[in-house]
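Geometric and topological summary
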Amino acid sequence: MPISTNSEWTEAGSARLEHILEVRRLLHDLSNVLTGLLITAGLLKNFVPLTGNGGRYASDIEGSAERAAELVCEVCGKVHRLQALNGHENTKVCDVRPSLGQESRED
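Below you will find a few notes about this structure. Computed from a predicted structure; not experimentally measured.

**A closer look at the pattern of salt bridges**
Side-chain pairs of opposite charge can arise where the charged atoms are in close proximity. Evaluation of the coordinates by the stated rule reveals three salt bridges. A salt bridge links Arg 25 to Glu 22, with the shortest nitrogen-to-oxygen separation between them at 3.4 Å. Placement of both Arg 25 and Glu 22 in helix H1 (residues 6-47) is noted, with a separation of three residues, approximately one turn of the helix. Given the relative accessible area of 38%, Arg 25 is considered partly exposed. Glu 22 sits in the partly exposed class, given a relative accessible area of 36%. With a closest N to O distance of 3.3 Å, Arg 67 and Glu 70 form a salt bridge. Taken together, the residues Arg 67 and Glu 70, both in helix H2 (residues 54-85) and three residues apart, mark about one turn of the helix.

**Topic: the nonpolar core**
Judged by nonpolar contacts, Ile 20, Leu 27, Leu 34, Leu 38, Ala 65, Ala 69, Val 72, Cys 76 and Val 79 together constitute the single largest core of nine residues. Residue assignment for this core shows that the elements contributing at least two residues are H1 and H2. Among the elements that make up this core, the one with the highest residue count is H2 (five residues).

Reading the values: the criteria
Residues numbered from 1 in each chain as written. Predicted model: local features only at pLDDT ≥ 70, side-chain atom pairs only at ≥ 80, totals over all residues. Heavy atoms only, no water. Salt bridge = Lys/Arg side-chain N within 4 Å of Asp/Glu carboxyl O. Helix = DSSP H or I, 4+ residues; strand = E, 2+ residues; numbered from the N terminus. Buried < 20%, exposed > 50% of the residue type's maximum accessible area, 1.4 Å probe, protein only. Core = buried A, V, L, I, M, F, W, Y, C linked by side-chain atoms within 4.5 Å.

Rendered as structure tokens:
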């Protein structure tokens, strides 16, 4: 089995960190999309007179966005653990919005 050098180890760690940060940026973008969905569904339900199945559809959209937001939070937690295992401190790249159930500035 070949022995890896410090340079190879550092390059591999740097590549892993780059991938982790890219996933966190994507999660951040996804959380922004979900925020828009939650806001829109809430506005539809509360301020637009919906006939027929419109209210149910707005509720379904809101429920789906809330579940997706929970999944984003779950994945963020797993990414944080991967980043810690990689030997790097957490960063604030994946800032899930307060409307997704978290305090502002919380990862």
